[in-house]
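For reference, the chains in residue letters:
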Amino acid sequence: MNPTRRRLICLSAMSGALSGLSTARAQSNPANPALIANQGISRDQILIGQVISLEGGRNEHGVAVRQGVEAALREVELSGPIHGRKLVLRVMDDAAKAAEAEARARELASQGVFMFFGSIEGGPSNAVMKVANETQRPFFGPMAGSPTLRRPHQPLVFPVRAEHREEFRVLLTQARNLGMRKVAFLQSDSDVGRLHLENLRAIANTLGMSVLLPMPFGSDVSDAMLLGFVRQMREKQVDVVLNHGSSGLYERLIRSARSEGLTIPFFGINSGSAQLARHLGPLAQGMVFTQVVPSPWERKTELTRNYQAAFKAAFRDQDFSYGSLEGYVTTLALAESLKKVGRDLSVASYLRAMADAQFDLAGYKMAWRTGDHAGSAFIDTAIVTREGRFKH
């Protein structure tokens, strides 16, 4: 068995073990905040719940994020307990489904985790946020760009990465500077997907551009449907295509377009970008992506040098990736947030401490203020080279 596949299997098994044997479910009624204020906190540990899309090890982006989380946890542990307490993560796989994410979050709540942490993808992250709000638990570091994680303001949710809206702004600005005006957009046919479309249209309008072709998709997309999108791109003479998540579906759309001889540029947001480029191979050449962390392969910043050392110490046979770097920095930010509170840890003291918090992790800055949980504003762009590498 090759080392990468073995690591995926081991990580999946580890996640299952961490999830525990309990199958209890929390009640659907919101919890009494007074009853959960100190749950998950003991004399020597803080129990944190992570619901993440691993799909039994098949979700490459999710597995990469988990690897980054593990590398950071090792680093945090080596630096000593946080005010005498060790971080303990209980991990559950939501299979990239919102309903599963909600069920797993309720299970973790019933097991008494102090807070939620580090979900990926919009649908599952929003489902975890729903349970966080019902049970009055903080939700730190959802690694998704959904607008609903910030608007309307969510007092219990503390994103780290920049949101998709700002990634769209960067991509559209670059497209406009290249003379592109007519945009197609691949988006989920959901409330969140429609909010992304609304944001994209608003940004395009301010830049003198137009979203001529929304391409909403559901849970089951046929090749014929994708071919229909491609033909509409040609008919409407679209200049550039953008996406909202679903890198696997975006790959299929790009392959369909190229097989029809369409040479239109495809731009993309960060989620799953490394995996998408690798799967596309030569077809990815020239694609432009936004990234919410620096290049994980370069050593230009203190953050990436620290990450590379920590990651290789934990996963010697694995490659660096955007996903693992995001998992790494988000976990370090979680640790910093808990350090800021002090020894007297509770939900109330955590929220007080985070009411006006700013962190600088080796040059990667983030901030949360009352009424504005922005997190980081870092967005960079990268183009895929002929060799399949990301050039920033």
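Rules and cut-offs
Residues numbered from 1 in each chain as written. Predicted model: local features only at pLDDT ≥ 70, side-chain atom pairs only at ≥ 80, totals over all residues. Heavy atoms only, no water. Helix = DSSP H or I, 4+ residues; strand = E, 2+ residues; numbered from the N terminus. Buried < 20%, exposed > 50% of the residue type's maximum accessible area, 1.4 Å probe, protein only. Lys, Arg positive; Asp, Glu negative; His and termini not counted. Salt bridge = Lys/Arg side-chain N within 4 Å of Asp/Glu carboxyl O. Polar contact = N/O pair within 3.5 Å; in protein donor to acceptor, adjacent residues only side chain to side chain. Expected span 1.5 Å × (residues − 1). Core = buried A, V, L, I, M, F, W, Y, C linked by side-chain atoms within 4.5 Å. Contact = heavy atoms within 4.5 Å. Pairing = 2+ DSSP bridges. Axes fitted to C-alpha atoms, helices over the stretch in contact; angles between N-to-C directions.

Asks: So, unusual backbone geometry: which residues are in play, and what are the values?
Replies: Among all residues save glycine, negative phi is the norm, and among peptide bonds the norm is trans. Across the junction of Arg151 and Pro152, the peptide omega takes the value -5 degrees, indicating a cis bond. Note on placement: Pro152 falls in the loop between strand E4 (139-140) and strand E5 (157-158). One non-glycine residue, Ala95, lies in positive phi territory at about 55 degrees. Following the sequence through the fold, Ala95 ends up in the loop between strand E2 (86-93) and helix H4 (98-110). Residue classification places Ala95 among the partly exposed positions, given a relative accessible area of 28%. Residue Ala362 is not a glycine yet carries a positive backbone phi of 55 degrees. Position of Ala362 relative to the elements: it lies in the loop between strand E11 (356-361) and strand E12 (364-369).

Asks: Mind laying out the side chain of Arg137, listing which residues take part and the relevant values?
Replies: The topology assignment puts Arg137 in the loop between helix H5 (122-135) and E4. Among buried charged residues, Arg137 stands out as having no salt bridge; its nearest opposite-charge side chain is Glu134, 9.4 Å away. In this structure the side chain of Arg137 is engaged in a polar contact, spanning 3.2 Å, whose partner is the backbone oxygen of Ala109. A distance of 2.7 Å separates the side chain of Arg137 from the backbone oxygen of Val113, its partner in a polar contact.

Asks: Describe H4, listing the residues and the values that go with them.
Replies: Between the first and last C-alpha of H4 there are 18 Å, a value that for 13 residues agrees with the 18 Å anticipated at 1.5 Å per step. Note on H4: the residue one or two positions beyond its end, Gly112, has a positive phi of about 85 degrees.

Asks: Got a sec to walk through the pattern of salt bridges? Specific residues and values, please.
Replies: If you walk through the whole model with that rule in mind, you get 20 salt bridges. Here Arg104 makes a salt bridge to Glu100, at a shortest N to O gap of 2.5 Å. With Arg104 and Glu100 both in helix H4, this residue pair falls four residues apart, about one helical turn. The partly exposed category is assigned to Glu100, whose relative accessible area is 31%. Here Arg106 ties to Glu102 by a salt bridge, and the two come within 2.9 Å at their closest N and O atoms. With a gap of four residues between them, Arg106 and Glu102 both fall in helix H4, about one helical turn apart. Through salt bridges with shared partners, a single network forms among Arg151, Glu163, Arg165, Glu166 and Arg169.

Asks: I'd like a description of the nonpolar core, backed by residues and values.
Replies: Phe140, Met233, Leu253, Phe266, Met287, Leu338 and Tyr350 are the most contacted members of the largest nonpolar core, which has 83 residues in total. Broken down by element, this core gets its largest block of residues, 10 residues, from helix H12 (residues 322-341). With sequence-adjacent residues up to four places away left out, Met287 is seen in contact with Tyr250, Ile254, Phe266, Leu276, Leu280, Ala382, Ile383 and Val384. The next biggest cluster of nonpolar side chains, apart from the first, holds 19 residues, and it includes Leu172, Phe185, Leu197 and Met209.

Asks: Give me the lowdown on the side chain of Gln318, citing residues and values where you can.
Replies: Here Gln318 shows up in the loop between helix H11 (302-314) and H12. A distance of 3.3 Å separates the side chain of Gln318 from the side chain of Asp317, its partner in a polar contact.

Asks: Quick rundown of H5? Include the residues and the values.
Replies: Compared with an ideal rise of 1.5 Å per residue, which puts 14 residues at 20 Å, H5 spans 20 Å between its outermost C-alpha atoms and is within 8% of the ideal. In terms of burial, H5 is a largely internal element, 11 of the 14 residues being buried. Residues Gly122, Pro124, Ser125, Asn126, Ala127, Val128, Met129, Val131, Ala132, Glu134 and Thr135 constitute the buried set of H5. Once H5 finishes, Gln136 follows within two positions and takes phi at roughly 60 degrees, a positive value.

Asks: Please set out the sheet that holds strand E9 (residues 267-268) residue by residue, giving values where relevant.
Replies: Reading across the sheet, the four strands line up as E9-E10-E14-E15 and stay open at both edges, with mixed pairing between neighbours. Both outer strands of the open sheet, E9 and strand E15 (390-391), are each paired with one neighbouring strand and no more. The pairing of E9 with strand E10 (residues 288-291) spans two bridges and is classified as parallel. Within E10, the residue paired with Phe267 across the bridge is Val288. Contacts between helix H6 (residues 164-177) and the sheet are confined to E9, E10 and strand E14 (380-384), with E10 contributing the most and set at about 145 degrees to the helix.

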